[in-house]
Amino acid sequence: MIEIRMHGRGGQGAVKASMVLAEAAFQGGKYVQAFPRFGVERRGAPVEAFTRIDDKPVQIRSQIYYPDGVIVLDPTLIEVVDVTKGLKKGGWILINSDKKPEDYDFGADYEIHTIDATKIAIENNLGSRAAPIVNTAIVGAFAKITGLVEMDAVEKGIDSAIPRMKEENKKAARQAYNYIHK
Amino acid sequence: MKMTMMGNYAASWGAQLSRVQVIAAYPITPQTLIVEKLSEIVADGELDAEFIKVESEHSAMSGCIGASAAGARAYTATSAQGLALMHEMLHWAALARLPIVLTNVNRAMAPGWSIWADQNDSLSQRDTGLMHIFASSSQDILDSTVLAYKIGEQVLLPTLISFDAFFLSHTMEVVDMPPIEDVDKFLPPYNPEYKLDVNDPRSFGALTSEEHYYEFRYKMQEAMDQAINIIKKEGKEFEKLTGRYYDLIHPYRCEDADLILVTSGTIAETTNVAVDELREEGKKVGNLKIRIIRPYPKQDILNVIKNCKKIAVIDRNISCGYHGIFAQELKSALYNETNIPVWGYLAGIGGRDVKIENIKEIADDTLKSDKPEDLIWKGVKL
Amino acid sequence: MAIKFRTDGKEVKITGEKDMPPMAASLGLMTWNKTGSWRNLRPVIDYDKCIDCFICWKFCPEPAIIIVDERPVIDYDYCKGCMLCAEECPKDAIITEVEGK
């Protein structure tokens with residue numbers, strides 16, 4: 001079982017991102033669970049969401065404390081919250097950022113990836129310049145770095161989980177998939 | 001067809017698959033999504049039902065009572081304070097023998113204001129005469145809704161389906177949605193013998209002296225007793241249709257267990273995983289999930305626990321002044337029947353997360369202990 | 001127990017509680033239950049004063065005031081003698097008599 005934690009800000013779509021990720025994995029034949037940290041959300045405040053992916057039905061019903069990977073939707077959060085908290089040794093961190101992985105230092109225990117999902121989102125008219133919707137680009141990058149989900153499952157997931165602008169979202173996911181290096 | 005959905009939507013789709021005819025509901029977190037989705041389904045013409053927006057939960061249940069008395073299949077959903085406000089009408093629905101299905105998202109009672117998982121809200125309705133299911137997965141929520149109508153309409157009792165706030169209500173997971181044609185074969189339209197009918201008028205709910213009231217209670221209890229066999233029978237029918245079997249209890253690795261953990265709701269699912277880990281450590285531990293608490297599956301429980309040495313009950317609820325309600329119920333079932341000692345633990349109150357490690361600690365503590373205790377506050381910060 | 005007749009003509013044989021409905025429901029219409037026997041005050045309409053406003057008909061909670069040939073008529077089989085009609089009559093056309101005198 002793979003457990004993923006998503007860090008975002010209220011209103012940024014972290015919960016939706018956890019669900020798009022789960023939907024993509026489900027379309028790829030996996031069993032999934034996706035849920036928010038159970039709290040009351042405020043716009044702009046740090047929020048967390050979680051995804052579990054497994055080959056068999058997921059029975060664990062507690063929240064995720066020791067994730068295999070962490071996704072950071074907003075790089076400014078890194079100074080505010082401990083994004084590596086509980087992250088398993090050898091775990092990966094995927095950051096939405098225009099910087100390079102080597103610009104971040106989380107110690108030697110983790111594998112770091114960056115993707116400029118904001119730029120991809122804006123190029124594809126997803127959301128606004130002030131509030132770009134980065135979910136689908138992030139899921140594309142996730143598919144590449146983990147190899148857990150094929151790109152066609154990601155596209156099916158977008159078809160099923162995203163109500164509008166499906167083609168733009170798929171394009172964003174593909175761009176991120178092709179851009180990021182494993 | 002397998003698809004992903006949140007637990008709340010599993011409740012909505014369960015009602016839709018059951019072809020409910022009247023929905024009367026009032027929104028409350030974390031239940032809101034259930035009726036929001038149903039109102040969309042009705043507005044889109046995907047379900048031929050009357051959606052009544054009411055001014056309170058008391059009215060929601062009253063609306064369902066009127067509809068059900070007229071022979072309609074009625075549905076509502078609520079949570080915590082809303083369920084408490086419904087209380088008077090729950091007695092009414094049960095004594096009027098109306099097979100309404102009510103979904104309750106288990107949420108802690110205020111104050112302090114809380115929206116998180118806790119079973120005290122629905123267990124406070126234990127004695128109203130509703131059958132009471134604790135669902136532990138989204139699949140369970142959806143399937144239980146269909147089953148509740150099938151069973152309730154035979155024994156003429158309403159059903160309360162409870163499930164944990166957020167751990168299920170707002171968690172998306174994979175659910176196998178049966179085709180509505182299959183559900184139609186399983187669940188025929190509701191057509192009660194006694195109903196409000198202008199062509200065959202009769203009065204309902206009139207003054208009832210002691211000459212008859214006692215007998216109404218007797219018949220209600222008789223219906224609960226019959227429900228036990230009907231739950232099993234319909235569970236098997238449903239299994240033929242879907243491959244999924246639902247019973248009053250679901251034991252997991254209990255056959256040779258020295259210690260049986262007794263759980264309900266989402267804690268039961270996490271406990272299955274904990275049991276696997278404990279077994280790998282060589283500890284003979286099993287998990288007995290109580291899915292239905294009314295009617296109480298006393299004989300089923302006795303059959304499962306008869307060879308174990310210890311029992312530990314995990315309660316996400318408390319009857320203050322005594323102890324956990326599932327523990328009380330279990331001990332009353334065991335008295336006169338067996339001498340197996342019972343430990344009562346509290347965990348997860350007010351939505352506090354119950355992790356695998358917490359459950360393993362409970363198991364380890366019980367295995368080590370030689371003196372049973374009624375009330376152990378697991379993880380209380382004092 | 002007695003055999004009761006339903007208005008639809010069907011017979012219901014009651015030999016004990018087991019034949020009764022499982023909830024507080026009557027076996028059929030309650031027309032056989034002539035509640036007029038409960039009455040100790042008797043409203044009587046003075047048709048000389050009555051202006052056929054039908055306020056009594058509207059207010060009767062039973063309802064035991066029926067309209068016959070476009071005039072209000074009290075159905076003493078069911079009138080319980082609450083005297084609401086007399087209270088509401090704008091012309092004081094309903095007289096109160098004591099039953100059994």
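Residues numbered from 1 in each chain as written. Chains lettered and ligands numbered in written order. Predicted model: local features only at pLDDT ≥ 70, side-chain atom pairs only at ≥ 80, totals over all residues.

Asker: Run through the overall build of chain B, naming residues and quoting values.
Answerer: In terms of regular secondary structure, chain B is built from twelve helices and 15 strands. Relative to its length of 382 residues, chain B is compact, with a C-alpha radius of gyration of 20 Å against a globular reference of 21 Å. Across its three principal directions, the C-alpha atoms of chain B cover 65 × 50 × 45 Å. For chain B, the proportion of its 382 residues judged to be buried stands at 54%. Residue pairs in contact within chain B that sit at least 24 positions apart in sequence constitute 80% of those at least 6 positions apart. (Helix = DSSP H or I, 4+ residues; strand = E, 2+ residues; numbered from the N terminus. Rg over C-alpha atoms; globule rule 2.2 N^0.38 Å. Buried ≥ 20, exposed ≤ 12 C-beta atoms within 10 Å, placed from the backbone. Contact = placed C-beta atoms within 7 Å.)

Asker: So what's going on with the overall build of chain A? Which residues, and what values?
Answerer: Tallying secondary structure elements over chain A gives five helices and six strands in all. Taken from N to C terminus, the helices and strands of chain A fall in the order β-α-β-β-β-β-β-α-α-α-α. For chain A, whose C-alpha radius of gyration is 15 Å, the value lies close to the compact-globule estimate of 16 Å for 182 residues. Each of the three principal axes of chain A carries a C-alpha extent, and together these read 35 × 35 × 35 Å. When each of the 182 residues of chain A is scored for burial, the buried share is 51%. Restricting the contact set of chain A to residue pairs at least 6 apart, pairs at least 24 apart contribute 59%.

Asker: Tell me what's going on with the interface of chain B and chain A, and back it up with residues and numbers.
Answerer: Counting residues at the interface gives 19 residues for chain B, matched by 17 residues for chain A. Those elements that provide at least two residues to the side of chain B that touches chain A are strand S8 (172–176) and helix H9 (265–280) of chain B. With five residues, H9(B) is the largest single contributor of residues to the side of chain B that touches chain A. When the residues that make up the side of chain B that touches chain A are grouped by side-chain class, the tally is eight nonpolar, seven polar and four charged. (Nonpolar A, V, L, I, M, F, W, Y, C, P; charged D, E, K, R; others polar.)

Asker: Account for the packing of helix H1 (residues 14–27) of chain A against helix H3 (residues 135–146) of chain A, with residues named and values stated.
Answerer: Residues and elements named next belong to chain A. Between H1 and H3, the least distance of the axes is 9 Å, while the angle of their chain directions is 45 degrees. Here H1 is positioned oblique relative to H3, judged by the angle of their axes. Judged by the twist between their axes, the crossing of H1 over H3 is right-handed. Contacts from Lys16, Ala17, Val20, Leu21 and Ala24 in H1 reach Asn135, Thr136, Ile138, Val139, Phe142 and Ala143 in H3. Residue composition of the contact of H1 with H3, by class: eight nonpolar, two polar and one charged. (Axes fitted to C-alpha atoms, helices over the stretch in contact; angles between N-to-C directions. Parallel < 35°, antiparallel > 145°, perpendicular 65-115°, else oblique. Left-handed = near helix turned anticlockwise from the far one by under 90°.)

Asker: Residues and numbers for helix H11 (residues 325–334) of chain B, please.
Answerer: Residue and element names in this part refer to chain B. Among all positions of H11, only Ile325, Phe326, Ala327, Glu329 and Leu330 are buried. If you follow the buried residues of H11, they end up packed against helix H5 (120–123), strand S10 (259–263), strand S11 (285–290), strand S12 (292–294), strand S13 (310–315) and strand S14 (342–346). Two residues or fewer after H11 comes asparagine 336, characterised by a positive phi angle close to 75 degrees.

Asker: Can you explain the packing of helix H1 (residues 7–17) of chain B against helix H6 (residues 138–155) of chain B? Please cite residues and give values.
Answerer: Residues and elements named next belong to chain B. Contact geometry of H1 with H6 gives a least axis separation of 8 Å together with a crossing angle of 25 degrees. With respect to their mutual orientation, H1 and H6 come out roughly parallel. The chirality of how H1 crosses H6 is right-handed. Of H6, the residues touching H1 (which contributes Gly7, Ala10, Ala11, Trp13, Gly14, Ala15 and Leu17) are Ser138, Ile141, Leu142, Thr145 and Val146. For the contact of H1 with H6, a count of residues per class yields eight nonpolar, four polar and no charged.

Asker: So what about the interface of chain B and chain C? Which residues, and what values?
Answerer: Across the boundary between the two partners, chain B contributes 17 residues, which contact 14 residues of chain C. Looking at side-chain class alone, the side of chain B that touches chain C contains eight nonpolar, four polar and five charged residues.

Asker: Outline the domain arrangement of chain B, supporting the account with residue identities and numerical values.
Answerer: All names here are of chain B. Considered domain by domain, chain B is made up of domain 1 (2–242) and domain 2 (250–377). Between domain 1 and domain 2, the residue contacts involve 28 residues of the former and 20 residues of the latter. Put simply, the parts of the chain that give the side of domain 1 that touches domain 2 at least two residues each are H5, strand S6 (131–134), strand S7 (159–164) and helix H8 (210–242). Per element, the largest residue contribution to the side of domain 1 that touches domain 2 is five residues, and it comes from H8. Residue classes in the side of domain 1 that touches domain 2 are distributed as 17 nonpolar, seven polar and four charged. (Domains from an automatic or database assignment.)

Asker: Mind laying out the sheet that holds S11(B), listing which residues take part and the relevant values?
Answerer: Residues and elements named next belong to chain B. Taking strand neighbours across the sheet as the criterion, the six strands line up as S9-S11-S10-S13-S14-S15 in an open arrangement whose pairing is mixed. A strand with exactly one partner marks an edge of an open sheet, and here the two such strands are strand S9 (249–252) and strand S15 (376–377). Of the strand pairs in this sheet, S10 and S11 are connected by five bridges, and their pairing is parallel. Within S11, the position partnered with valine 262 by the bridge is leucine 288. Packing of helix H12 (residues 356–368) onto the sheet brings it into contact with S10, S11, S13 and S14, and relative to S13 it is tilted by some 145 degrees. (Pairing = 2+ DSSP bridges.)

Asker: Break down the environment of Cys308(B) for me, citing the residues and quoting the values.
Answerer: All names here are of chain B. By the element assignment, cysteine 308 lies in the loop between helix H10 (298–305) and S13. On the basis of neighbour counts, which here come to 20 C-beta atoms within 10 Å, the residue cysteine 308 falls in the buried class. Residues cysteine 308 and glutamate 215, spaced 93 residues apart in sequence, show a C-alpha to C-alpha distance of 39 Å. If we skip the residues at most four places from it in the chain, cysteine 308 touches Ala257, Asp258, Leu259, Ile260 and Ile340.

Asker: Which residues make up the nonpolar core, and what are the values?
Answerer: Within the largest apolar cluster, 177 residues are counted, with the highest numbers of intra-cluster contacts made by Ala137(A) and Ile138(A). Ranked by residues supplied to this core, first place goes to H1(A) with ten residues. Membership of the second largest hydrophobic core comes to eleven residues, among which are Cys56(C), Cys60(C), Ile65(C) and Cys85(C). (Core = buried A, V, L, I, M, F, W, Y, C linked by C-beta atoms within 7 Å.)

Asker: Just give me the short version of the arrangement of the chains, but keep the residues and values in it.
Answerer: Looking across the two pairs of chains in contact, one finds the most contacts between chains A and B. Between chain A and chain C there is no contact, and the shortest C-alpha to C-alpha separation is 41 Å.

Asker: I'd like to hear about helix H5 (residues 166–179) of chain A, residue by residue, with values.
Answerer: Residue and element names in this part refer to chain A. Helix length check: H5, at 14 residues, gives a terminal C-alpha distance of 20 Å against a target of 20 Å (1.5 Å per residue), a fit within 8%. Buried residues of H5: Asn169, Lys170, Lys171, Ala172, Ala173, Gln175, Ala176 and Tyr177, and no others. Considering only its buried residues, H5 is in contact with strand S6 (111–115), helix H2 (117–123), H3 and helix H4 (151–161). (Expected span 1.5 Å × (residues − 1).)

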